[in-house]
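Chains, contacts and geometry: an overview
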Amino acid sequence: MAAAGRVLSVASEAVPLIKTGGLADVAGALPEALAPEGWDMRVMLPAYPGLLAKLGKAEEVWTSSDLFGGPARVMMGRAGAVTFLLLDAPHLYDRRGGPYSESGHDYADNPERFAALSWAAAEIARNGTSDGWRPDILHAHDWQAGLAPAYLRYGPQTGVKTVLTIHNIAFQGIAAPYKLGVLRLPGWAFSAEQIEYYGNISTLKAGLVTADAITTVSPTYAEELMRPEFGMGLQGVIAARARDLHGILNGVDEGVWSPETDPNAAAYSSKDLKAKADNRAALAAEFGLTPGEGPLAIVVSRLTDQKGIDLLVAVLPGFIEAGGSLAVLGSGDPVLEAAMRRAADRWPGRVGVRIGYDEALSHRMFAGGDAVLVPSRFEPCGLTQMYGLRYGTIPVVAATGGLNDTVIGATPASLNGKAATGITFHPVDAGGLQGALRRLTELYADRALWTQMVKRAMKAEVGWAEPAARYAALYRSLMK
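As a starting point, this report considers the structure included with it. Note that this is a predicted model, so its numbers are computed, not measured. (Residues numbered from 1 in each chain as written. Predicted model: local features only at pLDDT ≥ 70, side-chain atom pairs only at ≥ 80, totals over all residues. Heavy atoms only, no water.)

Re the overall build of the protein
- The helix and strand tally for the protein stands at 19 helices and 20 strands.
- Of all 480 residues assigned to the protein, the portion counted as buried reaches 58%.
- Across the protein, the fraction of contacts at a sequence separation of at least 24, relative to all contacts at a separation of at least 6, is 72%.
- Of the roughly 18600 Å² of accessible surface on the protein, a fraction of 52% belongs to carbon and sulfur atoms.
- Once the 44 positive and 49 negative side-chain charges of the protein are each reduced to a mean point, those two points are 3 Å apart. (Helix = DSSP H or I, 4+ residues; strand = E, 2+ residues; numbered from the N terminus. Buried < 20%, exposed > 50% of the residue type's maximum accessible area, 1.4 Å probe, protein only. Contact = heavy atoms within 4.5 Å. Areas by Shrake-Rupley, 256 points an atom, 1.4 Å probe, with all protein chains shown as cover. Lys, Arg positive; Asp, Glu negative; His and termini not counted. Charge placed at Lys NZ, Arg CZ, Asp CG, Glu CD.)

As structure tokens, this is what we get:
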């Protein structure tokens, strides 16, 4: 297939090189998903410590003698099926902590660190790399790349079109106004119509007002973002660009997340569920659980109020009393971490908790759990519930964002119509979650009905084919 076009995808993380959240899964999956559509996508990331070594053979394709305080170069190489452009700037990225923070504190120069990424991306979009590659589309992800469309818009015009994807509007890239010059932004852009946000600079807003198109990661979240309770101060900006806003669901890598081939657990499928029971027993043993007669639920999540973990703490006694068990993997708010530990102490054998993150363990949890709980107050897309669907681990989700778009709630109508794939609840409060867990326990007790729902969930379409086709169509429309 002849190439439909070239795309430079700019992000702060992407698998298989660096991951702290779902953004990395999306940024790493898009290039391979778009290849059958004829798109040549390269992914640009900061060269955090150790990343260049993961590329193996790499070549220098761009340089700068002074990129926000020091020399820099872009090294191109491959990891898996993805071509990466790594921005090697030790004065910005050679840090002992994570990509954004150390010991729980954001780096003070994060505005400059990610402005540098955006600046280098914009320069490559204008002039290409030394090997002659130049994109038709620059696709920026979240606030970390939000200045890339702005640099292109505010500088010499190139014809390169830009897309900004909002993965989570809660993070807005705030910088003090005195950094306007430091960030190489024109003074006239510091206005309510451009990049000014309540007296500060917002790099996310900069992208929202300058990108040719805006996407977010589910249709429902796209609608929610224009409402005050979800837009977090930017709802007016987004509403003003409603004609350019597109809600495109994420997908999951069905090769990595497959109960039939997952090396972390015993294999099973929707046609033969026998080994799922074996995985359940193994999971219970790993967490020191002796499950009751009810479902074994899992939580694989950041432990924060946004994820509704405080709601779960409030209703957990009733779930345990009804025969349920719970295995938790995650970290986050110290208060909620402590609450989860107390729950494990209060109900030994019924609640097990691992603070931290373990990718292989998360696979074993999806393979062995009966249900996965995702009671988020807001959830732009969410991948957790999609992993649950793939593994027949029934999602129990709040009816918000991408959760609402991917899970068909078990109502009398959807059950009679043999369509239900999970349990949804609203309002998103303790009462709503309590009702959902009661419904979970009731459905689990009807083994024939439960098995039908498990098999149906496993057949749900959660891969990248449809999202990739929608991104390809958007890119084509911009190039007309």
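With respect to the packing of helix α10 (residues 274-286) against helix α13 (residues 359-368)
- Following both chains from N to C, one finds α10 and α13 inclined at 125°, their axes separated by 7 Å at the closest point. Looking at the two axes, α10 sits oblique to α13. In this structure, the crossing between α10 and α13 has a hand that is left-handed. Touching Lys276, Asn279, Arg280, Leu283 and Glu286 of α10 are Leu361, Arg364, Met365, Phe366, Ala367 and Gly368, all from α13.
- For the contact of α10 with α13, a count of residues per class yields five nonpolar, two polar and four charged. (Axes fitted to C-alpha atoms, helices over the stretch in contact; angles between N-to-C directions. Parallel < 35°, antiparallel > 145°, perpendicular 65-115°, else oblique. Left-handed = near helix turned anticlockwise from the far one by under 90°. Nonpolar A, V, L, I, M, F, W, Y, C, P; charged D, E, K, R; others polar.)

Topic: the nonpolar core
- Counting residues in each nonpolar core, the largest one holds 76 residues, and the members touching the most others are Met44, Phe84, Leu87 and Leu138.
- Listed in part, the 69 residues of the second largest apolar core include Cys381, Tyr391, Val397 and Leu437. (Core = buried A, V, L, I, M, F, W, Y, C linked by side-chain atoms within 4.5 Å.)

Points about the sheet that holds strand β13 (residues 213-216)
- Ordered in space as β3-β4-β5-β2-β1-β8-β9-β13-β14, the nine strands form an open sheet in which the pairing is mixed. Since the sheet does not close on itself, it has two edges, and those belong to β3 (58-64) and β14 (245-247), each with one partner. Strand-to-strand twist of the sheet, defined as the mean angle between neighbouring strand axes without regard to direction, takes the value 25°.
- On the sheet, helix α4 (residues 110-127) packs against β1 (5-10), β2 (39-46), β3, β4 (72-79), β5 (82-88) and β8 (137-141) and is oriented at approximately 150° with respect to β2. (Pairing = 2+ DSSP bridges.)

Some remarks on the pattern of salt bridges
- Scanning all chains against the criterion turns up 17 salt bridges.
- For Arg280, the salt bridge goes to Asp370, with nearest N and O atoms at 2.8 Å. In this pair, Arg280 sits in helix α10 while Asp370 sits in the loop between α13 and β18 (371-374), placing the two residues 90 residues apart along the sequence. Accessibility assignment for this pair places Arg280 and Asp370 in one class, buried.
- One salt bridge in this structure joins Asp310 and Arg377, with 2.8 Å as the shortest N-O distance. Taken together, the residues Asp310 in helix α11 (residues 309-321) and Arg377 in the loop between β18 and α14 (384-390) connect sequence positions 67 residues apart.
- Salt bridges here are not isolated pairs; linked through shared partners, they connect Lys19, Asp25 and Glu359. (Salt bridge = Lys/Arg side-chain N within 4 Å of Asp/Glu carboxyl O.)

Comments concerning the side chain of Asp370
- What makes Asp370 buried here is its relative accessible area of 8%.
- At 2.8 Å, the side chain of Asp370 and the side chain of Arg280 are in polar contact. (Polar contact = N/O pair within 3.5 Å; in protein donor to acceptor, adjacent residues only side chain to side chain.)

A closer look at the packing of aromatic side chains
- All told, the structure shown has 15 aromatic pairs when counted by the stated rule.
- Relative to Trp188, the ring of Tyr154 has its centre 5.1 Å away and its plane inclined at 75°; by these criteria the two rings are edge-to-face. Of the two residues, Tyr154 sits in helix α5 (residues 147-154) while Trp188 sits in the loop between β10 (174-175) and β11 (196-197), which places them 34 residues apart along the sequence.
- With a relative accessible area of 18%, Tyr154 lands in the buried category.
- With a relative accessible area of 58%, Trp188 lands in the exposed category.
- Members of the aromatic cluster, each reached through a chain of ring pairs, are Trp257, Phe366, Tyr387 and Tyr391.
- The ring of Phe68 has Arg184 sitting right over it, with the charged end atom 4.2 Å from the ring centre.
- Taking the ring centre of Phe287 as reference, the NZ or CZ of Arg354 above it sits at 4.9 Å. (Phe/Tyr/Trp six-rings, centres within 6.5 Å; stacked < 30°, edge-to-face > 60°. Lys NZ or Arg CZ within 6 Å of the ring centre and 35° of its normal.)

Digging into the environment of Tyr198
- Its location among the elements puts Tyr198 in the loop between β11 and β12 (200-202).
- By relative accessible area, which is 64% here, Tyr198 ends up exposed.
- Between the C-alpha atom of Tyr198 and that of Ile174, which follows or precedes it by 24 residues, the distance is 9.9 Å.

Here's the deal with the sheet that holds β11
- Taken in spatial order, the three strands line up as β10-β12-β11 in an open sheet, and their pairing is antiparallel. Both edges of this open sheet fall to β10 and β11, since each of them pairs with a single strand only.
- Where helix α6 (residues 203-210) meets the sheet, it contacts β11 and β12, and its direction lies at approximately 60° from that of β12.

Details of α10
- Counted at 1.5 Å a residue, the expected span for α10 with its 13 residues is 18 Å, and the 19 Å between its end C-alpha atoms agrees.
- Among the residues of α10, Ala275, Lys276, Asn279, Arg280, Leu283 and Ala284 are the ones counted as buried.
- Taken together, the buried residues of α10 touch β15 (296-300), α13 and α17 (430-445).
- Phi turns positive one or two residues past the end of α10, at Gly288, with a value near 70°. (Expected span 1.5 Å × (residues − 1).)

As for the packing of α11 against helix α12 (residues 334-346)
- One can describe the packing of α11 onto α12 by two numbers: an axis separation of 10 Å at closest approach and a directional angle of 20°. By the angle class used here, α11 and α12 are roughly parallel. Crossing of α11 against α12: the hand is left-handed. Across the interface between the two elements, Ile309, Asp310, Val313, Leu316 and Pro317 from α11 touch Leu336, Ala339, Met340, Ala343 and Arg346 from α12.
- Class assignment for the residues of the contact of α11 with α12 results in eight nonpolar, no polar and two charged.

Description of the environment of Leu51
- Here Leu51 shows up in helix α2 (residues 51-55).
- The exposure class of Leu51 is buried, given its relative accessible area of 3%.
- Taking the C-alpha atoms as reference points, Leu51 and Gly5, separated by 46 residues in sequence, lie 27 Å from one another.
- In this structure Leu51 touches Leu17, Ile18, Pro46 and Leu86, once residues within four positions along its chain are discounted.

Scope: geometric values only; no functional claims are made or implied.
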